[in-house]
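Coordinates in review
Here is what each chain is made of, one letter per residue.
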There are 2 protein chains.
Amino acid sequence: MTARLQFWFEFASPYSYLSAMRIEETANRSGVELDWRPFLLGAIFKKDLGSIDSPMTKNPKKADYMWMDVARQSHRYRLSPFKVPDPFPQNGLLPTRIACHLMGDSRLPEFARTVYSAHFQKGAGLTDATALTNILEQLGFDAKSVLEKAGSLTVKQKLRNLTDEADSLGVFGAPFFVTQNGEMFWGDDRLEQAVESALAKS
Amino acid sequence: MTARLQFWFEFASPYSYLSAMRIEETANRSGVELDWRPFLLGAIFKKDLGSIDSPMTKNPKKADYMWMDVARQSHRYRLSPFKVPDPFPQNGLLPTRIACHLMGDSRLPEFARTVYSAHFQKGAGLTDATALTNILEQLGFDAKSVLEKAGSLTVKQKLRNLTDEADSLGVFGAPFFVTQNGEMFWGDDRLEQAVESALAKS
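Residues numbered from 1 in each chain as written. Chains lettered and ligands numbered in written order. Predicted model: local features only at pLDDT ≥ 70, side-chain atom pairs only at ≥ 80, totals over all residues. Heavy atoms only, no water.

Of regular secondary structure, chain A possesses nine helices and four strands. Going residue by residue from the N terminus, the α and β elements of chain A occur as β-α-β-α-α-α-α-α-α-α-β-β-α. Relative to its length of 202 residues, chain A is compact, with a C-alpha radius of gyration of 16 Å against a globular reference of 17 Å. Along the three orthogonal principal directions, the C-alpha set of chain A runs to about 45 × 40 × 35 Å. Across the 202 residues in chain A, those meeting the buried criterion constitute 52%. Within chain A, residue pairs in contact and separated by at least 24 positions form 72% of the contacts whose partners lie at least 6 positions apart. As displayed, chain A has an accessible area near 9100 Å², and 50% of this comes from carbon and sulfur atoms. The average position of the 24 basic charges and that of the 24 acidic charges among the side chains of chain A differ by 2 Å. (Helix = DSSP H or I, 4+ residues; strand = E, 2+ residues; numbered from the N terminus. Rg over C-alpha atoms; globule rule 2.2 N^0.38 Å. Buried < 20%, exposed > 50% of the residue type's maximum accessible area, 1.4 Å probe, protein only. Contact = heavy atoms within 4.5 Å. Areas by Shrake-Rupley, 256 points an atom, 1.4 Å probe, with all protein chains shown as cover. Lys, Arg positive; Asp, Glu negative; His and termini not counted. Charge placed at Lys NZ, Arg CZ, Asp CG, Glu CD.)

As structure tokens, this is what we get:
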């Protein structure tokens, strides 16, 4: 049986960015198939903590460390220099709906990586429909049609269901990795272990 | 010049436990000298967040994950099976003062590991003076004299200074690793990188 791993990601999350940029290479090397699962972490923060903001940003010492650490890990992974989004965090609803619509399309990972690198390397806004249109066109999509479908009731409901599923699984942050037998791994630092575990139990 | 690395640890912290049990082997392999730095994380939580409790335990989903993850990492590091302390967290003031008194004594790491394994593997309480007396005797100390000195004004002030120093460095959790040129690494997952970095910059 092919080993599979769910990759739960949130566009506004810096550590989801780090994982999104490198997960395919790591998984491919091990022959693990990925299921890219977009969701809205803010909705889960709101339910769990009463506020949509990341707990990371509430303590200035922790926030300073996080930005330094994400920049350091970016460098370690040989990604382009990291840029702190301004403002942070931004509402990733629009790209998340698009990602939701693209589930099952083999171009979803590339779409996600392009949005992530625009946001965390070039300072593009997550709510910027023009920037997203350009990304879609650049990847060969009919941008108008994709954006229309991303705004449909079907996709809205699908995204709500995905976020509820994440919540039921016990997801409280991002990225999260879930193996076929339900083993959970939180954070970019657990990516390798998650892939290993997906493989060992398949 | 010998590469040095500061290892800031808190006795009640599960991830400090994981690092304490394995840091000497990792550092020795690389020829990095360790400075074991006890401090009181609760005092920093109180100052930063208004409560001495770990932010980890405030969200039940996060707490559940943490216990599962610490047990999983223990197993991965081939430590004896992990036991969740009851209650958690406990006040580590007494062993921390002892550790503070033992700074500069080559037996500090062994004392720390013995306290950690009693607490996180055997369910011993951190506030239990009898258990700590037994540990000191087992390690060949004059327990009565050590406990007396650990309760002196000098040691109390030294611990306050250490905790203030951690706070000034930007420490907001544990374990924390600080290299000679001030590079900071938070969490057991950064232990290897911290040792690497201590070495590269020495």
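It is worth spelling out the sheet that holds strand 1 (residues 4-9) of chain B at this point. What holds strands together in a sheet is hydrogen bonding between their backbones, with the strands either parallel or antiparallel. Residue and element names in this part refer to chain B. Across the sheet, four strands lie side by side as 2-1-3-4; this open sheet has mixed pairing. Looking at the sheet topology across the chains shown, the edges are occupied by strand 2 (33-38) and strand 4 (184-186). Across the sheet, the mean angle from the axis of one strand to that of its neighbour is 20°, orientation sign disregarded. Pairing of strand 3 (residues 176-179) with strand 4 involves three bridges; the strand directions are antiparallel. Its bridge partner lying in strand 4, Phe 177 is registered against Phe 185. Contacting strand 1 and strand 2, helix 5 (residues 108-121) crosses the sheet at an angle of about 55° to strand 2. Seen against the sheet, helix 8 (residues 153-169) touches strand 1, strand 2, strand 3 and strand 4 and runs at an angle of roughly 110° to strand 1. (Pairing = 2+ DSSP bridges. Axes fitted to C-alpha atoms, helices over the stretch in contact; angles between N-to-C directions.)

Copy one and copy two of the chain differ by a rotation about an axis and a translation along that axis. For the pair chain A and chain B, the relating rotation is 180°, the translation along its axis is 0.0 Å, and the fit reaches an RMSD of 0.0 Å. The transformation just described matches what one would write down for a two-fold rotation axis. Every residue of chain A has its C-alpha some distance from the rotation axis, and the shortest such distance is that of A:Asp189, at 3.5 Å. A shared binding surface is used by both copies, with 100% of the interface residues of chain A retained as interface residues in chain B. (Least-squares fit on C-alpha atoms with pLDDT ≥ 70 in both.)

Attention now goes to the pattern of salt bridges. Pairing between side chains of opposite charge can happen when the charged atoms of each approach one another. All chains considered together, the criterion is met by 32 salt bridges over all chains. Between A:Asp167 and A:Lys47 there is a salt bridge whose closest N-O contact spans 2.6 Å. Of the two residues, A:Asp167 sits in helix 8 (residues 153-169) while A:Lys47 sits in helix 2 (residues 41-49), which places them 120 residues apart along the sequence. On the basis of relative accessibility, which here comes to 59%, the residue A:Lys47 falls in the exposed class. One salt bridge connects A:Arg107 with A:Asp105, and the closest N-O pair in it is separated by 3.0 Å. Overlapping salt bridges bring together A:Asp69, A:Arg72, A:Asp189, B:Glu183 and B:Arg190 as one network. (Salt bridge = Lys/Arg side-chain N within 4 Å of Asp/Glu carboxyl O.)

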